[in-house]
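Chain by chain, the residues:
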Amino acid sequence: MLGGSRRVSMAQLLKESGKRLGCEVEIVAYELDTQVPIAIEGDVIRGKSFDDPDVIDDIARVVKERNVNIILPFINSAIEIASLCKEKIEGVFVPVSDFSTTTRMFDKVEAAKLFKEAGFPIPRTYSVIDNEMPAIVKPRKGGSSRGIKIFHEVDDLMLLADLDKYLIQEYIEHNREYSVDCYVSEEGEILTTVPRERLEIMGGEVTRTKTFRNDHLIDMSRKVIEHFKLTGPVTIQILHDLDKDRYLLMEVNPRLGGGVICSIYAGAPIPDYILLESMGKKVTPSTDWADGVLMARYQKEAIFNL
């Protein structure tokens, strides 16, 4: 697990899947700090920062020493690293898209260009000198809603330093946010697509979400996957503009999203897909997931005696 410090539930679900499939799953987490919650379910290896030039070699060392079979990224900065691991480390299963795709998806400005060029509807995207208020400004790179600002006056926007490091788009006040949890086989077959409404968000992480069977969201997600030839776990963010009744593509994260736990409990066998593909076994599409499954999160402590 790359950057999976808080993904305790996902580790537990992978272990449960292993028991069903007749294999034992052990968790190894690659983190900057060893005192993180994932230590409850596995071993934590103190690793290098994902922007360290030697990080791939260091991950390869851990893969060899710990006999790692699967590498999964859990934060945006780990996606590009995982895609490079897929290219450079033999004998390990890395369900992630190619490096060139993940790199552009990680940059919100580049991603918006890709979406527009492909003909997908997105919010109006502005330049520094050509914009309308109100506007929402997001850092080009990063996640968890960090650094997002809403501006109602152009003069205030112009005071923001390094504007070229941000994506500037129209602010849509009346909206509903959706995530679509998907899994695509190594051969490019779309195995599952589960939309869910993001009902409550704290620190960029969904804390309350509910599955929502909606053909428009499913069809739009499938077209995105097919166009960009994505593989592995994919989380697609779509915004429903309630005033104009339009669905807008916001982000494509080629990794497991934090709220995927809800979709798994609703019936999407994503942990099974990961393990089965890693073992070279047959996988089949699944659309038999339950609509209206609500997930509400709570905090739980991990205690370390240092």
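Above this note sits the structure.
Residues numbered from 1 in each chain as written. Predicted model: local features only at pLDDT ≥ 70, side-chain atom pairs only at ≥ 80, totals over all residues. Heavy atoms only, no water.

*Asks:* What am I meant to see in the overall build of the protein here?
*Replies:* Across its full length, the protein holds nine helices and twelve strands. Since a compact globule built from 306 residues should have a radius of gyration of about 19 Å, the 19 Å found for the protein is in line with a globular shape. Its C-alpha atoms give the protein principal-axis dimensions of roughly 55 × 40 × 35 Å. Burial analysis of the protein (306 residues in total) assigns 52% to the buried set. Considering only contacts in the protein between residues 6 or more positions apart, those separated by 24 or more positions represent 62%. Surface summary for the protein: the accessible area is close to 15,500 Å², and the carbon and sulfur share equals 47%. The centroid of the 39 positive side-chain charges in the protein is displaced by 2 Å from the centroid of its 49 negative side-chain charges. (Helix = DSSP H or I, 4+ residues; strand = E, 2+ residues; numbered from the N terminus. Rg over C-alpha atoms; globule rule 2.2 N^0.38 Å. Buried < 20%, exposed > 50% of the residue type's maximum accessible area, 1.4 Å probe, protein only. Contact = heavy atoms within 4.5 Å. Areas by Shrake-Rupley, 256 points an atom, 1.4 Å probe, with all protein chains shown as cover. Lys, Arg positive; Asp, Glu negative; His and termini not counted. Charge placed at Lys NZ, Arg CZ, Asp CG, Glu CD.)

*Asks:* Explain the nonpolar core to me, please; I cannot follow it from the model alone.
*Replies:* Generally speaking, a soluble globular protein has its nonpolar side chains buried in company with each other. Counting residues in each nonpolar core, the largest one holds 33 residues, and the members touching the most others are M10, I38, Y183, L256, V260, I270 and I274. For this core, the secondary structure elements donating two or more residues are α1 (8-21), β1 (27-31), β8 (190-202), α8 (260-266) and α9 (270-278). Among the elements that make up this core, the one with the highest residue count is α9 (five residues). Not counting chain neighbours up to four residues away, the residues in contact with M10 comprise F74, L256, V260, I261, I264 and P271. Membership of the second largest hydrophobic core comes to 26 residues, among which are L114, F120, V184 and I190. (Core = buried A, V, L, I, M, F, W, Y, C linked by side-chain atoms within 4.5 Å.)

*Asks:* Explain helix α2 (residues 55-66) here, please?
*Replies:* Two residues of an α-helix separated by three or four positions point the same way, owing to the 3.6 residues in each turn. The terminal C-alpha atoms of α2, which comprises twelve residues, lie 16 Å apart, in line with the 16 Å expected from a rise of 1.5 Å per residue. Taken residue by residue, α2 has V55, I56, D58, I59, V62 and V63 as its buried positions. The arc enclosing the buried residues of α2, seen along the axis, measures out at 165°, which places them on a common side. In α2, those exposed residues whose orientation departs by more than 90 degrees from the buried face are D57, K64 and E65. Where α2 is buried, its residues contact β1, β2 (42-46) and α3 (76-88). N67 lies just past α2 and shows a positive phi near 55°. (Expected span 1.5 Å × (residues − 1). Arc of directions from axis to C-beta.)

*Asks:* I would appreciate a short explanation of the packing of aromatic side chains in the present structure.
*Replies:* If you walk through the whole model with that rule in mind, you get five aromatic pairs. Taking the centre distance of 5.5 Å and the plane angle of 20° together, the rings of Y178 and F212 count as stacked. Of this pair, Y178 sits in strand β7 (residues 175-184) while F212 is found in the loop between β9 (205-211) and α7 (215-228), placing the two residues 34 residues apart along the sequence. Three or more aromatic residues joined by ring pairs make a cluster, and in this case those are F115, F120 and F228. In this arrangement the basic side chain of R213 is found over the ring face of W289, its NZ or CZ atom lying 3.8 Å from the centre. (Phe/Tyr/Trp six-rings, centres within 6.5 Å; stacked < 30°, edge-to-face > 60°. Lys NZ or Arg CZ within 6 Å of the ring centre and 35° of its normal.)

*Asks:* Teacher, can you tell me more about the pattern of salt bridges here?
*Replies:* A side chain of one charge can pair with a side chain of the opposite charge when the charged atoms of the two come close. What the rule picks out here adds up to 19 salt bridges. E177 is the salt-bridge partner of R198, the closest N and O atoms lying 3.5 Å from each other. Placement of R198 in strand β8 and of E177 in strand β7 is noted, with a sequence separation of 21 residues between them. When salt bridges that share partners are traced, they join R124, E132, E170, D241 and R246 into one network. (Salt bridge = Lys/Arg side-chain N within 4 Å of Asp/Glu carboxyl O.)

All quantities given are derived from atomic positions and should not be read as evidence of function.
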